[in-house]
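Here is how the chains run, residue by residue.
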Amino acid sequence: MNRNRKIIERAGRSVISGLLITGLVLGNSGMIQAVEKVEKQETVYVTANAGGDVEDIVVSDWLKNSGINGEVQDSSQLKDIENVKGNEKFEQKGEDLTWKAGEDDIYYQGDTDKDLPVGLEITYKLDGKDISAEELKGKSGDVTMKVQYYNYAKVKRRVNGEITDLYVPFIMLTGMILPNDVFSEVEISKGRVINEGSNNLVLGYGMPGLKESLDLDEDDLNKKLTDSFEIKAKVTNFALKNTFTYASADFLAELDVDEDDLNDTFDDLDDKVGDLEKAADKLADGTGSLSDGMNTLKTQFKKYQKGEKSIHKGISQLSKGEKTMQNGIKTYVGGVNGFAKGTKAYVNGTDKIVKGNKQLYKSVKDMPDQYSEFSQGIKAYTSGVDQLADEKNTKQLTDGAESLANGVNALNENLQSLESSYENYTVLIAAMKQQTAQMTDPVQKATMNAYIDKLEELVKGQKSGVSAAVTATGQKSDLQKGAKALSAGVSKYVASVQAVSEKSSALRSGDTKMMEGMKQLVAGVKQLKEGGEKLTANDKKILQGAKKIIGAGSKIKKGNKKVLKGVNVLKKGSNQFNQATNQLGGGIGKLAKGSGQLEKGMDKFRDSGIHKIRDMFDDDILPMKERFLAIRDIAEEYNNYSGIKKGMDGTVKFIIETEEIGDDED
């Protein structure tokens, strides 16, 4: 009986520790439910050394509700079976047991040397160096304890058309009590640390074999579905009480997951991912076309700017030349007037007048031919300006700028439509959360919540990318401002060209008058020369000619003023036109840059976002569904360790207790 007393004491501590771990980590306090038939609940108590090596195994079985029949048929592989809570007898034939239960439940236990389906190993480090449990006793420093779980229960199942190895889905929980006077700054990699004043209650967990059964890659949930955890702490005079580890597959077996509902959920999710892929492809194609069009516009406009700069430079040179010509005309007209006024005096000096007339005629006779070249330049220039101001050309330019602005607005509206489509994800995630909320086991909830978190994070990143694209094409964006600046610049350009064109006729009229005045001047000088030669006979004609010269000089001055006014208007319009062209070029550059960035952003959104969702769904989520259902079935089938009567419901859990380190009182 002494052996039984120790077992019962150990069982009591294990039950308390197991309940504590289960309550805090799993949150499942209703693991035992009332039934209307005999049920076998089996608890396997394992004692191990401080490193986790098994030393003894005792199995305790509870035949629950056995009193409803009076006699219970059971099956067990245990040795040295004894009733630990009553006087009921049993008959044994091989592994078959018949209990005379009467009206009571049966509680019995026995020994076995059968291999365990699970195990653990605890290793220790002091200040970063490996150390044994015995050597660690009484030491101080930075301690790391690693609890490694093992799963030896492997079965074969057909999953996704292939025979594969799957593990019984055990969850293993380890509880430790770490006194504050020995342990401080306690941290755990997977689990919880609860300080209740004098002690740290440490609860760690692991799911050995589950990530292999689910076939998860390194970047998936296997970082959470670990088969080990570490505890780090600063210690003084190291000592450690017994640790208790609870292992069971019941948590997954109890999940109420309907296979048809699960299939419907996955089909709906597949449809939603497909719709999202199509929308992303269309949007990416549209932004690519926009970017190509803007780059073409940018290239062609640079050529246009180059021609406009040449015109602007020519007008500036014309303005400078006109000022020089104006000064010359003033001097010339003044001289002619003086000459005309002095004609009377020249009449008295015939030889001097004749010579002077010859020289004057020589200086002015080629002026019409010389001015003709300049006049041809004015005609060519005004013709070019009129062509620029042609209604057809200006309309094409203004229509193109307006179409571009409308295209940006249309793109923004499409992006807003895409942004609103994310409500589908909200519905999907809400459905997954609702399904998860119905799960009874928190570890499974944690697994599903991790999928939900990953999906929410991915949707959030892509939604942020679409929102950024909406902002980039919004009313206050550089793209919109650039489109408006382009439209305004084109309008300003058209107005400037038309204004310059309106002045072209005045410039041509001044040019004609200038040419006529020069011809009149030459004719007058010629007459003056001829009159000088016949001065004595033609004094009156000379005087009349002088008057004509004075009149012609006035006409030249008036014509020159008109030319000057036209050139000034042309120069002002050219400056405005040049400024508007530069602004338009800057706006087109911003539009081209913005459309390029938008295209890259949409390609990244489609390739790194939407296609990533599709790959994850096809490669990870769909295959995992069949694996999950197969693992659930395996969990339901694993209902005993030492044997059970066919047709009897059963559950089994394992409690592993490691020996103390540093306590020699016993």
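For the structure itself, look to the data block above.
All of the points below concern the structure found in this document. No experiment lies behind these values; they were computed from the predicted model shown.

Cut-offs and rules
- Residues numbered from 1 in each chain as written.
- Predicted model: local features only at pLDDT ≥ 70, side-chain atom pairs only at ≥ 80, totals over all residues.
- Heavy atoms only, no water.
- Helix = DSSP H or I, 4+ residues; strand = E, 2+ residues; numbered from the N terminus.
- Buried < 20%, exposed > 50% of the residue type's maximum accessible area, 1.4 Å probe, protein only.
- Contact = heavy atoms within 4.5 Å.
- Areas by Shrake-Rupley, 256 points an atom, 1.4 Å probe, with all protein chains shown as cover.
- Phe/Tyr/Trp six-rings, centres within 6.5 Å; stacked < 30°, edge-to-face > 60°.
- Lys NZ or Arg CZ within 6 Å of the ring centre and 35° of its normal.
- Salt bridge = Lys/Arg side-chain N within 4 Å of Asp/Glu carboxyl O.
- Pairing = 2+ DSSP bridges.
- Axes fitted to C-alpha atoms, helices over the stretch in contact; angles between N-to-C directions.
- Patch = residues over 30% accessible without salt bridge, like charges linked within 9 Å, V, L, I, M, F, W, Y side chains within 5 Å.
- Lys, Arg positive; Asp, Glu negative; His and termini not counted.
- Charge placed at Lys NZ, Arg CZ, Asp CG, Glu CD.
- Polar contact = N/O pair within 3.5 Å; in protein donor to acceptor, adjacent residues only side chain to side chain.
- Core = buried A, V, L, I, M, F, W, Y, C linked by side-chain atoms within 4.5 Å.
- Expected span 1.5 Å × (residues − 1).
- Arc of directions from axis to C-beta.

## Thoughts on the overall build of the chain
In step 1: Tallying secondary structure elements over the chain gives 13 helices and 19 strands in all.
In step 2: Buried positions account for 46% of the 666 residues belonging to the chain.
In step 3: A fraction of 78% describes how many contacts in the chain between residues 6 or more apart in sequence connect residues 24 or more apart.
In step 4: Of the roughly 34,800 Å² of accessible surface on the chain, a fraction of 49% belongs to carbon and sulfur atoms.

## Quick notes on the side chain of serine 248
In step 1: Looking at the secondary structure, you find serine 248 in strand β18 (residues 243-248).
In step 2: In this structure serine 248 comes out as buried when scored by relative accessible area, which is 2%.
In step 3: Those residues within four positions of serine 248 in sequence are excluded, and the remaining contacts are Pro169, Phe170, Ile171, Val652 and Lys653.

## Details of the packing of aromatic side chains
In step 1: Evaluation of the coordinates by the stated rule reveals 10 aromatic pairs.
In step 2: Judged by centre distance (6.3 Å) and plane angle (10°), the rings of tyrosine 150 and tyrosine 152 are stacked.
In step 3: A relative accessible area of 54% places tyrosine 152 in the exposed class.
In step 4: A network of ring pairs unites the aromatic residues Phe170, Tyr638, Tyr641 and Phe654 as a single cluster.
In step 5: Directly above the ring of tyrosine 107 sits lysine 85, whose terminal nitrogen or CZ lies 4.3 Å from the centroid.

## With respect to the pattern of salt bridges
In step 1: Evaluation of the coordinates by the stated rule reveals 11 salt bridges.
In step 2: For lysine 100, the salt bridge is made with glutamate 71, and the minimal N-O distance between the two is 2.7 Å. You can see lysine 100 sitting in strand β6 (residues 96-100) and its partner glutamate 71 sitting in strand β3 (residues 71-75), a full 29 residues away along the chain.
In step 3: Judged by its relative accessible area of 39%, lysine 100 is partly exposed.
In step 4: What makes glutamate 71 partly exposed here is its relative accessible area of 38%.
In step 5: Glutamate 456 is paired through a salt bridge with lysine 433; the nearest N and O atoms lie 2.7 Å apart. Taken as a pair, glutamate 456 in helix α11 (residues 442-472) and lysine 433 in helix α10 (residues 423-437) lie far apart in primary sequence, 23 residues in all.

## Concerning the environment of alanine 635
In step 1: Counting through the fold element by element, alanine 635 comes out in helix α13 (residues 539-637).
In step 2: For alanine 635 and phenylalanine 251, which are 384 residues apart along the polypeptide, the C-alpha to C-alpha distance reads 8.4 Å.

## Focus: the sheet that holds β3
In step 1: Pairing in this open sheet of three strands is antiparallel, and the strands run β3-β6-β5 from one edge to the other. Each of the sheet's edge strands pairs with one partner strand only, and the pair in question is β3 and β5 (90-93). Strand-to-strand, the axes of this sheet are offset by a mean angle of 20°, without reference to chain direction.
In step 2: Strand direction decides the pairing type here: β5 and β6, joined by four bridges, are antiparallel. In the strand pairing of β6, lysine 93 is matched with aspartate 96.

## What to know about unusual backbone geometry
Note: most residues except glycine have negative phi, and most peptide bonds are trans.
In step 1: In this model, glutamate 185 sits at a positive phi of 50°, which is unusual for a non-glycine residue.
In step 2: Mapped onto the elements of the fold, glutamate 185 is located in strand β14 (residues 183-188).

## Some details on a positive patch on the surface
In step 1: A cluster of basic residues, Lys330, Lys513, Lys555, Lys558, Lys561 and Lys562, forms a positive patch on the protein surface.
In step 2: Turning to its location among the elements, lysine 562 is positioned in helix α13.
In step 3: Look at lysine 562 and you get partly exposed, because its relative accessible area is 43%.

## Some words on the side chain of asparagine 49
In step 1: One can find asparagine 49 in the loop between β1 (39-48) and β2 (54-64).
In step 2: Looking at asparagine 49, its side chain comes within polar contact range of the main-chain nitrogen of glycine 51, at 3.0 Å.
In step 3: Engagement of the side chain of asparagine 49 in a polar contact is seen with the backbone nitrogen of aspartate 53, the distance being 2.9 Å.
In step 4: If we skip the residues at most four places from it in the chain, asparagine 49 touches Glu55, Thr658 and Glu659.

## With respect to the pairing of strand β10 (residues 141-151)
In step 1: Summarising the sheet, strand β8 (residues 118-126) and β10 pair through nine bridges and their orientation is antiparallel. Of the residues in β10, the one forming a bridge with isoleucine 122 is valine 147.
In step 2: Pairing analysis gives eight bridges linking β10 to strand β17 (residues 228-235), with the strands arranged antiparallel. From the neighbouring strand, valine 143 faces β17, where its bridge partner is alanine 233.

## Quick word on a negative patch on the surface
In step 1: On the surface, Asp53, Glu55, Asp56, Glu121 and Glu659 cluster together into a patch of negative charge.
In step 2: With respect to the element layout, glutamate 659 can be found in the segment after β19 (649-658).
In step 3: By relative accessible area, which is 37% here, glutamate 659 ends up partly exposed.

## Things to note about the nonpolar core
In step 1: Counting 79 residues, the largest nonpolar core has Tyr124, Phe183, Phe238 and Phe654 as the members making the most contacts within it.
In step 2: Considering every element that reaches this core, the biggest residue donor is α13, with seven residues.
In step 3: Among residues more than four places away in sequence, those in contact with phenylalanine 654 are Val44, Leu116, Pro117, Val118, Phe170, Thr245, Tyr246, Ala247, Tyr638 and Tyr641.
In step 4: If you look at the next biggest cluster of nonpolar residues, it comprises seven residues, including Tyr425, Ile429, Met432 and Val459.

## Some details on the sheet that holds β18
In step 1: What the nine strands build is an open sheet, ordered β4-β7-β2-β1-β19-β18-β13-β16-β15; its pairing is mixed. At either end of the open sheet lies a strand with only one pairing partner, and these are β4 (79-83) and β15 (191-195). In this sheet, neighbouring strand axes are inclined to one another by 20° on average, regardless of whether the strands run parallel or antiparallel.
In step 2: Summarising the sheet, β1 and β2 pair through 10 bridges and their orientation is antiparallel. Among the inter-strand pairings, glutamate 42 is bridged to a residue of β2, identified as aspartate 61.

## Observations regarding α10
Residues spaced three or four apart along an α-helix point in a common direction, a consequence of the helix completing one turn every 3.6 residues.
In step 1: With 15 residues, α10 extends 21 Å between its outermost C-alpha atoms, agreeing within 8% with the 21 Å of an ideal straight helix rising 1.5 Å per residue.
In step 2: Within the span of α10, buried status applies to Tyr425, Leu428, Ile429, Met432 and Thr436. Viewed end-on, α10 has its buried residues packed into an arc of 95°, placing them on one side of the element. Exposed residues lying more than 90 degrees from the buried face of α10 are Val427, Gln434 and Ala437.

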